[in-house]
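# What the coordinates show
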Amino acid sequence: GTRGGASDPTDENSRDSQARNTDQGPLREAKTPDELAEWPDKLCESDLSLAVVIPQPQTPRKVAEAFELVHGLLQHTGNAVVVVEECGDWADFAREDLRTFSTRGSHAGLRGLFVAQRPSLVPITSRANCESVVVFNTTEPADLEALHERTKSDEFTDAAKGLPLGECLVWPPLEERH
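Residues numbered from 1 in each chain as written. Predicted model: local features only at pLDDT ≥ 70, side-chain atom pairs only at ≥ 80, totals over all residues. Heavy atoms only, no water.

### Focus on the packing of aromatic side chains
Per the stated rule, a full pass over the model turns up 3 aromatic pairs. Ring geometry for F67 against W90: centres 5.3 Å apart, planes inclined by 40 degrees, an arrangement best described as tilted. Placement of the pair is F67 in helix α3 (residues 60-77) and W90 in helix α4 (residues 87-90), with a sequence separation of 23 residues. Residue W90 is classed as buried on the basis of its relative accessible area, which comes to 3%. Taken together, the aromatic side chains of F67, W90, F101 and F114 make up a single cluster linked through ring pairs. (Phe/Tyr/Trp six-rings, centres within 6.5 Å; stacked < 30°, edge-to-face > 60°. Helix = DSSP H or I, 4+ residues; strand = E, 2+ residues; numbered from the N terminus. Buried < 20%, exposed > 50% of the residue type's maximum accessible area, 1.4 Å probe, protein only.)

Written as structure tokens, this is what we have:
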């Protein structure tokens, strides 16, 4: 099966859930990067379902360092989907590691889901290696340009401008996938 992990460093609910020792949504466990570094065998579990939670105070550099640690550990275990939350907030501090993850992670069986408030904030190498794009209403010119650069679709880019709240577009459309 697919193993998964996620980190949403700015999600108050994730931090509060860990503090209350409650469920992490669909993920069963939460560990800090330091806890993972002390327990790397955790990443070898076949049914991994883990949220990596960055302790307060959070800084973009601290989040980038945590990503680099988790990515380094996962290189040895492979076969995981990693949700890279709010990468636009900290990508400047982890450009090289994000590039390596985006271009060579699949060799280790790693897949990334890059999440950002703005498409233009996802590093170009990560955008270029995405198999799919999911976008909500987007009107900022730099973001529309980033979408068009990746999808090469005027229709997709134009449709992204007027989406109702909560609706999204997926590229390529499901009927065009192999």
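Further notes follow.
### Focus: the nonpolar core
Core analysis: the largest hydrophobic core is formed by 27 residues, its most contacted members being V84, W90, L98 and F114. Elements with a contribution of two residues or more to this core: β3 (49-52), α3, β4 (80-84), α4, α5 (95-104) and β5 (110-114). Discounting chain neighbours no more than four positions away, the residues touching W90 are P60, V63, A64, F67, V84, E85 and L98. Membership of the second largest hydrophobic core comes to 9 residues, among which are F156, A160, L169 and W171. (Core = buried A, V, L, I, M, F, W, Y, C linked by side-chain atoms within 4.5 Å. Contact = heavy atoms within 4.5 Å.)

### Thoughts on α5
Taken residue by residue, α5 has D97, L98, F101 and S102 as its buried positions. The arc that holds the buried residues of α5, viewed along the axis, is 130 degrees, so those residues lie on one side. Looking at the buried side of α5, the elements it contacts are α3, β4, α4, β5 and α6 (124-128). (Arc of directions from axis to C-beta.)

### Focus: helix α7 (residues 141-151)
Turning to α7, its buried residues are D143, L144, A146, L147 and T151. Burial along α7 is one-sided: seen end-on, the buried residues are contained in an arc of 160 degrees. For α7, the exposed residues set more than 90 degrees away from the buried face come down to P141 and E145. Among the structural elements, α6, β6 (133-135), α8 (154-160) and β7 (169-171) are those in contact with the buried residues of α7. Looking one or two residues beyond α7, the residue adopting positive phi is K152, at roughly 55 degrees.

### Considering the pattern of salt bridges
Considering all chains together, one arrives at 4 salt bridges under this definition. The residue R95 makes a salt bridge to D92 at a minimum N-O spacing of 2.6 Å. Across the salt bridge formed by K161 and D158, the nearest N and O atoms sit 3.4 Å from each other. Note on D158: relative accessible area 46%, which makes it partly exposed. (Salt bridge = Lys/Arg side-chain N within 4 Å of Asp/Glu carboxyl O.)

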